[in-house]
Structures are given as structure tokens and as C-alpha cells.
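Given next are the chains, with one letter for each unit.
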Amino acid sequence: MFDRLLDRFQGVLNPAAVAAKARRVPEVLNRGRIEWGSESVQGGRTTMEDRMTVIPNFVAMRGEEFGLAAVFDGHGGVEVAEKANKGLPEILARSFADGGNMEGALWGALYGLGIEMKNYHDGSTAVAALISERKLYLAYVGDSRAMILRDGVAYEVSVLHTPGSIAERERIEKWGGTVRRMGKIMRVGARGLAVSRALGDAGTQGISYQPDVYECDLLPGYQVLLMCDGVWKEFSPQNLATMGEQYPGPVALAKKLVEFASARGSGDNLTAIVAKVS
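Report on the accompanying structure. Each chain carries its own residue numbering, running from 1 in the written order of its sequence. Where local features are concerned, this predicted model is filtered to residues with pLDDT of at least 70; where side-chain atom pairs are given and counted, the filter is 80 or more; whole-chain, interface and lining totals use all residues. Where side-chain values are given, they derive from all heavy atoms of the structure, hydrogens and water being excluded.

So, the nonpolar core
Ranked by internal contacts, the top residues of the largest apolar core, which has 43 residues, are Ile 131, Leu 218, Leu 226, Met 227, Leu 240 and Leu 257. Numbering of helices and strands runs from the N terminus, with a helix taken as a DSSP run of H or I at least four residues long and a strand as a DSSP run of E at least two residues long. Element by element, the count of residues in this core is highest for strand E15 (residues 270–277), at six residues. The contact criterion used throughout is that any non-hydrogen atoms of two residues lie within 4.5 Å. Not counting the four nearest positions on each side in its chain, Leu 226 is found in contact with Ala 69, Ala 70, Val 71, Val 127, Ala 129, Leu 138, Arg 145, Ala 146, Thr 271, Ala 272 and Ile 273. The nonpolar core is taken to be a set of buried Ala, Val, Leu, Ile, Met, Phe, Trp, Tyr and Cys residues, with the residues joined through side-chain atoms within 4.5 Å. Think of it in three bands: with a 1.4 Å probe and only protein chains considered, a residue is buried below 20% of the maximum accessible area for its type, exposed above 50%, and partly exposed in between. Formed by 31 residues, the second largest nonpolar core is a distinct cluster that contains Leu 68, Ala 70, Ala 84 and Met 102.

Let's talk about the environment of Gly 152
Checked against the element boundaries, Gly 152 lands in the loop between strand E8 (145–150) and strand E9 (153–156). Classification of Gly 152 as partly exposed rests on a relative accessible area of 23%. Separated by 90 residues in sequence, Gly 152 and Thr 242 have C-alpha atoms that sit 6.5 Å apart. Leaving out residues up to four positions away in the same chain, Gly 152 has contacts with Gln 238, Ala 241 and Glu 245.

Digging into the packing of helix H7 (residues 237–246) against helix H8 (residues 250–263)
Viewed as axis vectors pointing N to C, H7 and H8 meet at an angle of 140 degrees, and their least axial separation amounts to 10 Å. As judged from the angle between their axes, H7 and H8 are oblique. H8 is crossed by H7, and the crossing has right-handed handedness. Contacts between H7 and H8 pair Leu 240, Met 243 and Gly 244 from the former with Leu 253, Lys 256, Leu 257 and Phe 260 from the latter. Classifying every residue of the contact of H7 with H8 by side-chain character gives five nonpolar, one polar and one charged. Only C-alpha atoms enter the line fits that serve as axes; for helices the fit covers just the stretch in contact. Angles between N-to-C directions range over 0 to 180 degrees. Should an angle fall under 35 degrees it is called roughly parallel, over 145 degrees roughly antiparallel, and 65 to 115 degrees roughly perpendicular, with every other angle called oblique. Note: crossing handedness is left-handed where the near helix turns anticlockwise from the far helix by less than a right angle, and right-handed where it turns clockwise. Residues are grouped as follows: nonpolar covers Ala, Val, Leu, Ile, Met, Phe, Trp, Tyr, Cys and Pro; charged covers Asp, Glu, Lys and Arg; every other residue, Gly included, is treated as polar.

Some remarks on the side chain of Glu 168
Relative to the elements of secondary structure, Glu 168 occurs in helix H5 (residues 166–174). Given a relative accessible area of 6%, Glu 168 falls into the buried group. Only 3.0 Å separates the side chain of Glu 168 from the side chain of Arg 197, close enough to count as a polar contact. Setting aside residues no more than four positions away along its own chain, Glu 168 makes contact with His 161, Thr 162, Ser 196 and Arg 197. N or O atoms closer than or at 3.5 Å make up a polar contact, with two conditions inside protein: a donor-capable atom paired with an acceptor-capable one, and, for residues adjacent in sequence, both atoms drawn from side chains.

Here we look at the packing of helix H3 (residues 79–97) against helix H4 (residues 102–116)
Where H3 meets H4, the axes come as close as 9 Å, and the angle between the chain directions of the two elements is 140 degrees. Relative to H4, H3 is oriented oblique. Between H3 and H4 the crossing geometry is right-handed. Facing H3, whose interface residues are Ala 84, Gly 87, Leu 88, Ile 91, Leu 92, Ser 95 and Phe 96, H4 presents Met 102, Ala 105, Leu 106, Ala 109, Leu 110 and Leu 113.

Structural notes on the pattern of salt bridges
Each reported salt bridge corresponds to a side-chain nitrogen of Lys or Arg within 4 Å of a carboxyl oxygen of Asp or Glu. Tallied over the full model, the rule gives 15 salt bridges. A salt bridge links Glu 168 to Arg 171, with the nearest nitrogen and oxygen atoms 3.2 Å apart. Here the residue Glu 168 and the residue Arg 171 both occupy positions in helix H5, the gap between them amounting to three residues, near one helical turn. The pair Glu 168 / Arg 171 is uniform in exposure class, with both members buried. Where Glu 259 meets Lys 255, a salt bridge forms, and the shortest distance between an N and an O atom there is 3.6 Å. Note that Glu 259 and Lys 255 are positioned in helix H8 at a spacing of four residues, about one turn of the helix. Residue Glu 259 is classed as partly exposed on the basis of its relative accessible area, which comes to 32%.

Quick word on the environment of Met 182
Positionally, Met 182 belongs in strand E10 (residues 179–182). Setting aside anything within four residues of it in sequence, one finds Met 182 in contact with Arg 187 and Gly 192.

A word on the packing of aromatic side chains
Two aromatic rings, drawn from Phe, Tyr or Trp (for Trp, its six-membered ring), form a pair once their centres lie within 6.5 Å of each other, and the interplanar angle then sorts them: stacked below 30 degrees, edge-to-face above 60, tilted otherwise. Summed over all chains, the structure comprises five aromatic pairs. Ring plane angle 70 degrees and centroid distance 6.3 Å describe the contact between Phe 58 and Phe 96, whose orientation is recorded as edge-to-face. Here Phe 58, found in strand E3 (residues 50–61), pairs with Phe 96, found in helix H3; they are 38 residues apart in sequence, far enough to count as distant. Judged on exposure class, the residue Phe 58 and its partner Phe 96 are both buried.

Okay, here's the thing in C-alpha cells:
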């Protein structure tokens, strides 16, 4: 079915070349007025289930160059995260070649990946962004997070998809799923998933792969952060804002976010991407 999804977006771009770029995650790349930094480590887990993509100058639209960045935080295995990480740039490339718009293409790509992965028993969150020097387009499922740092303040621009949300809990129960408290948090089904939306997770009733989307304008000095929950849970918004001022370069900030999360006791895989409008 994945091949059929790609075939819907026929175009002139070479998907193999796009996928190759996606696998070469750079430490920093300066393209135009966007600087990129990324860091991803296994941390305290016995396996590495995070995957990430950074592709500067991924597509030119509306007179602007947009880079693509995404974080996939796998759980119960890495197959879904791996396939989604590879498939996202391929589907987007075909969509843009066929005239798709930014927000619709991002939403459609994650939703299409959700359809493709619906029979996989492992799962993954996803937060994906198209970023230019003037615009941010975002799509996401699960509890990986996107934030913007500006003027000493951290702004949450994604909403967590967790069963702790009243609306999410009601939807899960309406779809025949169950939510119960396990320790300090609410979880879904017999597997005790901590997210209410994800790619994959077949067999856990009530889990949705429908993404939410967001867009906003960007200005010089803004820092866009994409993080797995192993990173962002170790910081308050003010902590993040302070770190953004202490480490204004995207390479240093991404590295320090991961280092500090580990030092603060996170036992999870740790992944952070930073895009700065310079």
C-alpha cells in the first residue's frame, strides 16, 4: 500500500535521492537564513527507537526555500519509526511535484503513513515541520513536541496527544478503547500506551493516526525546537527559554538539550532538532 501512496504523487523528483538525503542527518547546515542543529543518542534505553530527518532546502514554494525536519519516537520496536522516517520525504516530494500546498501536504503525508502502518504492532509518534525564514508549517501525532523560543520566552506550538486529555479520553472510549491510571499518568489499553495518537499500534483500540496541524510566521532570532518526550519532559518552558539564550547557536543548543536531559535523569532515547532564523 505504501507504494500506492507514493504513486498518487507522481512527479519529476527522484524519491531515492530524497531518501538518501534524509538519512544523512547533518550536525549543522547553513542555507540562506536558516541554521540547523541536531542531536540524537540512545540514552538509557537498551535499543534506539528514535529516528530523525533534517533536509535543508527541501522544496521551493511561494518564492521561499523550505527545509524539512522531523522526529519519530518509536515504542515497542523501531519498524514504524524507521519506515515513517524514510517515507515522509518521499511522499512530500511527490506531493509538491504534483502541486500540493504546505499544510495539506504535511497532514496528508502523516495521515497516509498512518494508513500504511495501521497493521503494525509497534508504534511511533511524529512531529514534522517545513521551515523557511518566514514560515513554519507543522503536523504531528503523539507526545513529541514542537516549541518556538523568542525574546526569552518558550511557546508550545503543538498539543500533546495523550489520554490525560479529556477530549482524547472521551474519543478513545467512544471508539471502544479503555483508559486507566497507571502510576502517575493515564494510559491506553492493555499495553498501557502513554499516547492517544500514533502511527502503528495495531491492536490498541482507540489510538488515532489523524494528525493536527499548525502554522505561524517566523522572524529573525526565532528558534524552532522539535523534541521527543525524553528531552522536553526534563525542562520547564522557562528552562528551555533560558537555554535558548545561553546557547544561541543551533548546534550547541541541540547538543546541550540532549546532554542536560540525560544528566537530569531521563532514561529514554533522546532526540532534538533546532532550526534558527538568523
